[in-house]
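Below are the chains, spelled out letter by letter.
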Amino acid sequence: DAKTTQPTSMDCAEGRAANLPCNHSTISGNEYVYWYRQIHSQGPQYIIHGLKNNETNEMASLIITEDRKSSTLILPHATLRDTAVYYCIVRVQETSGSRLTFGEGTQLTVNP
Amino acid sequence: DGGITQSPKYLFRKEGQNVTLSCEQNLNHDAMYWYRQDPGQGLRLIYYSQIVNDFQKGDIAEGYSVSREKKESFPLTVTSAQKNPTAFYLCASSIGVASYEQYFGPGTRLTVT
């Protein structure tokens, strides 16, 4: 699975959009981009995933560049409860041996 | 309510003792996973199971053992052979191993002294 690079930490003002970048320059054609988040001392929570098209759900939007070498997770109106570590993961969706490899992620702090 | 339960939330053991962490799910998921998390780090996969009576080693299986006798249950035993057992342990499940979404339990924080 391709490696990802994320900033260690970011800050965002409450009510503003939080844009979390992720570089995955070695991604291959059959690897998906996944985003999870982990609020302190809890289990991670799935947010969104995509292959090459932009995706949106009730939690966030995922923008993937045309060359697929990077992506951005957008939380449109960040709240204090969005403070968490955000993990960007790339993975081949396969039937066996599949795994999520969590790096160190980005600590997002939403400030009042 | 459907979900994954892990118990207890905090566990303390003396060095040299084996300890078993519980993980139960009522989501009817086939696949289950165990991860370990150390402070300030991401999750590392210990073991996973695609189906009852089958499991595979993850990236850091040494010093751990698992069983999958029932679909709902995937207990993890931390043996005395595990050199640094103090960590936060997370259990997860998914419909199948190819599923895009894994559901995580609340975790068990194990401290061995």
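As the structure is a computational prediction, the values presented were derived from the model and not from experiment. (Residues numbered from 1 in each chain as written. Chains lettered and ligands numbered in written order. Predicted model: local features only at pLDDT ≥ 70, side-chain atom pairs only at ≥ 80, totals over all residues. Heavy atoms only, no water.)

A. Examining the overall build of chain B more closely. The helix and strand inventory of chain B stands at 0 helices and 11 strands. Mapped in sequence order, the helices and strands of chain B form the string β-β-β-β-β-β-β-β-β-β-β. Taken over the C-alpha atoms alone, chain B extends approximately 35 × 25 × 25 Å along its principal axes. Looking at chain B residue by residue over its 113 residues, the buried ones come to 48%. The long-range fraction of contacts in chain B, counting pairs at least 24 apart against all pairs at least 6 apart in sequence, stands at 53%. Total accessible area on chain B stands at roughly 5500 Å², and carbon and sulfur atoms take up 48% of it. Taking the 11 positively charged and 11 negatively charged side chains of chain B as two groups, their mean positions are separated by 7 Å. (Helix = DSSP H or I, 4+ residues; strand = E, 2+ residues; numbered from the N terminus. Buried < 20%, exposed > 50% of the residue type's maximum accessible area, 1.4 Å probe, protein only. Contact = heavy atoms within 4.5 Å. Areas by Shrake-Rupley, 256 points an atom, 1.4 Å probe, with all protein chains shown as cover. Lys, Arg positive; Asp, Glu negative; His and termini not counted. Charge placed at Lys NZ, Arg CZ, Asp CG, Glu CD.)

B. The overall build of chain A, seen in detail. Counting its regular elements, chain A contains 0 helices and 9 strands. In sequence order, the secondary structure elements of chain A are arranged as β-β-β-β-β-β-β-β-β. Against the 2.2 N^0.38 benchmark of 13 Å for 112 residues, chain A shows a C-alpha radius of gyration of 13 Å, consistent with a compact globule. Its C-alpha atoms give chain A principal-axis dimensions of roughly 40 × 30 × 25 Å. Every one of the 112 residues in chain A was classed for burial, and the buried ones make up 44%. For chain A, restricting intrachain contacts to residue pairs at least 6 apart in sequence, the fraction spanning at least 24 positions comes to 58%. A total accessible area of about 5700 Å² is found for chain A, and carbon and sulfur atoms account for 47% of it. Computing the positive centroid from 9 side-chain charges and the negative centroid from 11, chain A places the two 2 Å apart. (Rg over C-alpha atoms; globule rule 2.2 N^0.38 Å.)

Shape is all these values report; function is a separate question.
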